[in-house]
Number of protein chains: 2
Amino acid sequence: MRDDLLRACRAEPVDRVPVWFMRQAGRSLPEYRELRSSHSILDVCRDAELAAEATLQPVRRLGVDAAILFSDIVVPLQGMGVQLDIVPGTGPVIEKPIRELQDVERLRDLEPEDDVPYVLDAIRILRDELEVPLIGFGGAPFTLASYLVEGGPSRSHLHTKTLMFGAPEVWAALMDRLSSSMATYLRAQVRAGAQAIQLFDSWVGHLDPQSYERYVQPWVARIFESLSDLDVPRIYFGIVTGELLVPMAATGADVMGVDWRVPLDVARARVGGLPVQGNLDPSILFAPWDVIEQQTLDVLRRGGGRGHVFNLGHGVLPETDPDVLARVVETVHSWSPGG
Amino acid sequence: MRDDLLRACRAEPVDRVPVWFMRQAGRSLPEYRELRSSHSILDVCRDAELAAEATLQPVRRLGVDAAILFSDIVVPLQGMGVQLDIVPGTGPVIEKPIRELQDVERLRDLEPEDDVPYVLDAIRILRDELEVPLIGFGGAPFTLASYLVEGGPSRSHLHTKTLMFGAPEVWAALMDRLSSSMATYLRAQVRAGAQAIQLFDSWVGHLDPQSYERYVQPWVARIFESLSDLDVPRIYFGIVTGELLVPMAATGADVMGVDWRVPLDVARARVGGLPVQGNLDPSILFAPWDVIEQQTLDVLRRGGGRGHVFNLGHGVLPETDPDVLARVVETVHSWSPGG
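Note that the structure is predicted; figures quoted are calculated from it, not measured.

Below, the discussion takes up the environment of valine 132 of chain A. All names here are of chain A. Of note, valine 132 is situated in the loop between α8 (117–129) and β4 (134–139). Measuring from C-alpha to C-alpha, the distance between valine 132 and alanine 173 comes to 38 Å, with 41 residues separating the pair along the chain. When neighbours within four sequence positions are excluded, valine 132 is seen to be in contact with Met1, Arg2, Leu5, Val59, Asp65, Ala66 and Ala67.

Shown next, in the form of structure tokens:
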């Protein structure tokens, strides 16, 4: 197996800097749009064969160094008893938002083999097919809580923060339930064959550092701690996290994902030299090739060749040309980590 | 006139830390909703009497130390020949987005007395009415460009960045046109009676620092430079600007507005000791009073009492209780800047 990804996550020397893209599976690929023409997103997530196929598509086409399970962070919430849908153009919509302790208490602990067997089956299928590592993933508790409390995507995260600041005991109960289930979920993915895991904290950048440290960091740390006996890199990612990188690194993550706003060398210094993942601006992929190439090389130089997993600073935008992604992979692979 | 705001902007000692709120006029006030029951936003902006009334409402009710002209950053774009509307629930919508040089060339230079007389008339009315300074404002060129290029609000700013990275000469022409008109616009506001100006760069935090320095900073610097002969503080504000504060401070701004993500003492160190404005999280205003009070005092302590204009880290959310805003004003005013 090509293990550059795992080596980079452990800061070991690599022949080539490994590269994968957040949302590499999905709408930017014509073969995915074909797959989706007859299935909803949740249909694909809940069918092991389809999820495995969507996971494999970008690996075949782009030459990336890792696969990431095709799924959505809200999938395990269904297994916890939450009624939800993913609405095209909007995102996850929760039928009954969580606002009170009794709402939290209705959440069941996730039992992955019973509640989300298709996720684990997809991983088992993929392990037989793949020659690159498979990354499992889950949503971080703040981000999951935000969907549950707001009822869907939000600009201000007002209800979430109101609960967090105004009812800290309800907040703690919710974070406890979510982090416990996420720890179980990620462990099950590793047992099924995932060789690395990524915790997505998409919305955490809406918090100031003190609130993060008080209301979020302990729960994330607990998830990572619970996985510390497993020999898999634990990647932690959010956007708009410049001010949070120090406390985020203190959660025990092995690799810190960084969005494009923080130059990678600056980010690395901020996280105490931890391996980093990122961070080309996904919008740059629409520029002329010479601009893309120059920015790709700049990210590589700032990444320093060791302890760097090349990625975008956020997910692939749906309008992205897959040929450009493939060309970025070639550029990363042609670059010599030795300088 | 109560001049604490102007003194704080010059880092002079104050008896009380001055406080105002971005979007203090607007939907959080019942008297504003009453005003809007028979007028669109643009109607209010384009009628000097109504704009003056909306500007005065929060000053009467909240006891703030500054008024900010009720208007919208897209108002002068109409004067430059852009067809647009402000759609409730969406924001500004531009009829023909700008994508090419000929689109840029269709933009006329703003002539404030002819194109936006109601803005200047509102300022003249307000100067007779107000006992606190009046802040004039404009949109920074990147943020205005984003509306013009995207055609409205955007999450990814994809078209804007595509133009910026892919057609730098068109981008430069657009920034030139916008910054020249904004310089004229702000100067006209000061001549009409505005005693401070704020440049809103709402979307600039979507850029990485190098792109900001290359494609945005020179134009903002040119605007501030063009106003340097006027004896008014020039405030510069954007959100998600933690990584940009250093180059933003280098534009020549007198006061740096900071969102809630960067603790104010950290921000102040980053901008080389420049006066700062901010930065309570607007979502905190929905928490119990003891949390709000504690966070307000924390912002005051970090602000250090001198060279600090108290504000939120972003605009007042429409659901905010005005009584809570008034209570925050009282708390700020009761705090002793001497420690």
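From this point, the discussion proceeds with the structure in view.
Another point: the relation of the copies chain B and chain A. Rotating chain B by 180 degrees and moving it 0.0 Å along the rotation axis overlays it on chain A with an RMSD of 0.0 Å. Here the two chains are linked by the operation of a two-fold rotation axis. Mapped onto chain A, 96% of the interface residues of chain B again fall at the interface, so both copies present the same surface.

Another aspect to go through is the confidence of the model for chain A. Put simply, chain A has an average pLDDT of 96, and 100% of its residues get 70 or more. Reported confidences for the modelled complex are a pTM of 0.96 and an ipTM of 0.94.

All names here are of chain A. Taking 1.5 Å per residue, 13 residues should reach 18 Å; helix α17 (residues 322–334) reaches 18 Å between its end C-alpha atoms and fits that length. For α17, every residue scored as buried is listed here: Leu325, Val328, Val329 and Val332. Within α17, the buried residues cover an arc of 100 degrees as seen down the axis, which keeps them to one side. Projecting away from the buried face of α17 at angles above 90 degrees are the exposed residues Asp323 and Ser334. Packed against the buried residues of α17 are α4 (48–62), α16 (289–303) and β9 (308–312).

For a regular strand, the rule is simple: side chains alternate between the two faces of the sheet. Residues and elements named next belong to chain B. Sheet analysis places strand β2 (residues 84–87) next to strand β3 (residues 91–94), joined by 4 bridges and oriented antiparallel. Note that in β3 the partner of leucine 84 across the bridge is isoleucine 94. In textbook terms, the turn of a hairpin is the stretch between consecutive antiparallel strands, and for β2 and β3 this stretch comprises 3 residues, one of which, glycine 89, has a positive phi near 85 degrees.

As a further point, take the packing of α4 of chain A against α8 of chain A. Residue and element names in this part refer to chain A. Remark: α4 packs on α8, axes separated minimally by 8 Å, with the N-to-C direction vectors making an angle of 50 degrees. In this view, α4 runs oblique relative to α8, as classed from their interaxial angle. Note that α4 runs across α8; the crossing there is right-handed. When α4 is examined against α8, the residues Ala48, Glu49, Ala51, Ala52, Thr55 and Leu56 are found in contact with a partner set consisting of Tyr118, Asp121, Ala122, Ile125, Leu126 and Glu129.

Thresholds applied
Residues numbered from 1 in each chain as written. Chains lettered and ligands numbered in written order. Predicted model: local features only at pLDDT ≥ 70, side-chain atom pairs only at ≥ 80, totals over all residues. Helix = DSSP H or I, 4+ residues; strand = E, 2+ residues; numbered from the N terminus. Contact = placed C-beta atoms within 7 Å. Least-squares fit on C-alpha atoms with pLDDT ≥ 70 in both. pLDDT = per-residue confidence, 0-100. Expected span 1.5 Å × (residues − 1). Buried ≥ 20, exposed ≤ 12 C-beta atoms within 10 Å, placed from the backbone. Arc of directions from axis to C-beta. Pairing = 2+ DSSP bridges. Axes fitted to C-alpha atoms, helices over the stretch in contact; angles between N-to-C directions. Parallel < 35°, antiparallel > 145°, perpendicular 65-115°, else oblique. Left-handed = near helix turned anticlockwise from the far one by under 90°.

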